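Here's the letter readout for the chains.
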Amino acid sequence: MYRIREIDGDNEEIAETLSELHRMTFLQAASIPHFDEGHWWLASCESEPVAFAGVVPSAFISNAGYFSRVGVLRAHWGNRLQLRLMRAMEARVRRNGWCSIVSDTTENLSSANNFIRAGYRLFEPERRWAWSNSLYWRKAIG
Ligand SMILES: CC(C)(COP(=O)(O)OP(=O)(O)OC[C@H]1O[C@@H](n2cnc3c(N)ncnc32)[C@H](O)[C@@H]1OP(=O)(O)O)[C@@H](O)C(=O)NCCC(=O)NCCS
């Protein structure tokens, strides 16, 4: 039912699709990322984009990918799209030769539960880059 593919964030039309999905899923809660940096995925349902995710090199942890965004349109929640996007992202991180993936969640039980499902562990970074109440997640990539 869903198709997940890595896409080229450099492409203007794709960047516009990602921006639109970002606006619809994050509302005003986070700034629109630079889609020309890192790696990005789209999940489509009957060729309509319904979810996206991205990973960029971590600015704080060496040789790690920072799982920077994931968003699923509300009508498609509950289909484990975050988890599926995370699996695609993990394969890319492995191919890049990065040693780990790090990320954070803030008051977001659904997302935190998906980190647990995907085998992430909580950790305390040397420098907390997010909010005072954020949780930090890490998974080693062998
Ligand atoms: C977090 C997010 C990506 C998870 O999407 P998802 O892949 O569909 O998540 P899941 O399939 O694991 O479903 C999550 C929960 O939503 C529940 N759910 C399903 N349909 C729902 C609906 N229509 N309304 C409310 N909740 C619903 C499910 O029961 C599930 O609960 P569970 O974790 O106890 O099983 C999505 O909620 C989202 O895009 N949120 C806004 C952006 C965001 O917060 N991004 C993450 C930042 S860290």
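Residues numbered from 1 in each chain as written. Predicted model: local features only at pLDDT ≥ 70, side-chain atom pairs only at ≥ 80, totals over all residues.

A. Highlighting the sheet that holds strand β1 (residues 2-7). Strand order in the open sheet made by the seven strands is β1-β2-β3-β4-β5-β7-β6, with mixed pairing throughout. Every other strand in the sheet has two partners, leaving β1 and β6 (121-122) as the edge strands with one partner each. Pairing analysis gives seven bridges linking strand β2 (residues 39-45) to strand β3 (residues 48-57), with the strands arranged antiparallel. By the bridge assignment for β3, H39 is matched with V55. Packing of helix α1 (residues 12-26) onto the sheet brings it into contact with β1, β2, β3 and β4 (64-72), and relative to β4 it is tilted by some 70 degrees. (Pairing = 2+ DSSP bridges. Helix = DSSP H or I, 4+ residues; strand = E, 2+ residues; numbered from the N terminus. Contact = placed C-beta atoms within 7 Å. Axes fitted to C-alpha atoms, helices over the stretch in contact; angles between N-to-C directions.)

B. Region of interest: α1. For α1, which comprises 15 residues, the first-to-last C-alpha distance of 20 Å matches the rise-based estimate of 21 Å (1.5 Å per residue) to within 8%. Two residues or fewer past α1, L27 is found with a positive phi of approximately 50 degrees. (Expected span 1.5 Å × (residues − 1).)

C. Molecular detail of the environment of N63. Structurally, the position occupied by N63 is in the loop between β3 and β4. Setting aside residues up to four positions removed in sequence, N63 forms contacts with W98 and C99.

D. Quick peek at the site of the ligand. In the vicinity of the ligand there are 18 residues, among which V72, W77, G78, Q82 and S110 approach most closely. Secondary-structure elements contributing two or more residues to the shell around the ligand are α1, β4, α2 (81-96) and α3 (109-117). The greatest single-element share of the shell around the ligand, amounting to four residues, is contributed by α3. (Near = placed C-beta within 6 Å.)

E. Local environment of the nonpolar core. With 26 residues, the main nonpolar core has W41, A51, F52, L85 and M89 as its most contacted residues. Elements that contribute at least two residues to this core include exactly α1, β2, β3, β4, α2 and β5 (100-105). Setting aside its immediate chain neighbours within four residues, M89 contacts W41, A53, V55 and F67. (Core = buried A, V, L, I, M, F, W, Y, C linked by C-beta atoms within 7 Å. Buried ≥ 20, exposed ≤ 12 C-beta atoms within 10 Å, placed from the backbone.)

F. Up close: the pairing of β2. Relative to β2, β1 runs antiparallel, the two being bridged by six bridges. Bridged to I7 within β2 is W40. The turn linking β2 back onto β3 is made up of two residues, and E46 within it adopts a positive phi angle of 50 degrees.

G. Layout of the packing of α2 against α3. As a packed pair, α2 and α3 sit with axes 10 Å apart at the nearest point and diverge in direction by 45 degrees. The orientation of α2 with respect to α3, classified from their angle, is oblique. Between α2 and α3 lies a crossing of right-handed hand. Across the interface between the two elements, Q82, L83 and M86 from α2 touch S111, N114 and R117 from α3. (Parallel < 35°, antiparallel > 145°, perpendicular 65-115°, else oblique. Left-handed = near helix turned anticlockwise from the far one by under 90°.)

H. Region of the structure containing unusual backbone geometry. The phi angle at L27 is positive, at roughly 50 degrees, despite the residue not being glycine. Residue placement: L27 occurs in the loop between α1 and β2. If you check the backbone angles, E107 has positive phi at about 45 degrees while not being a glycine.

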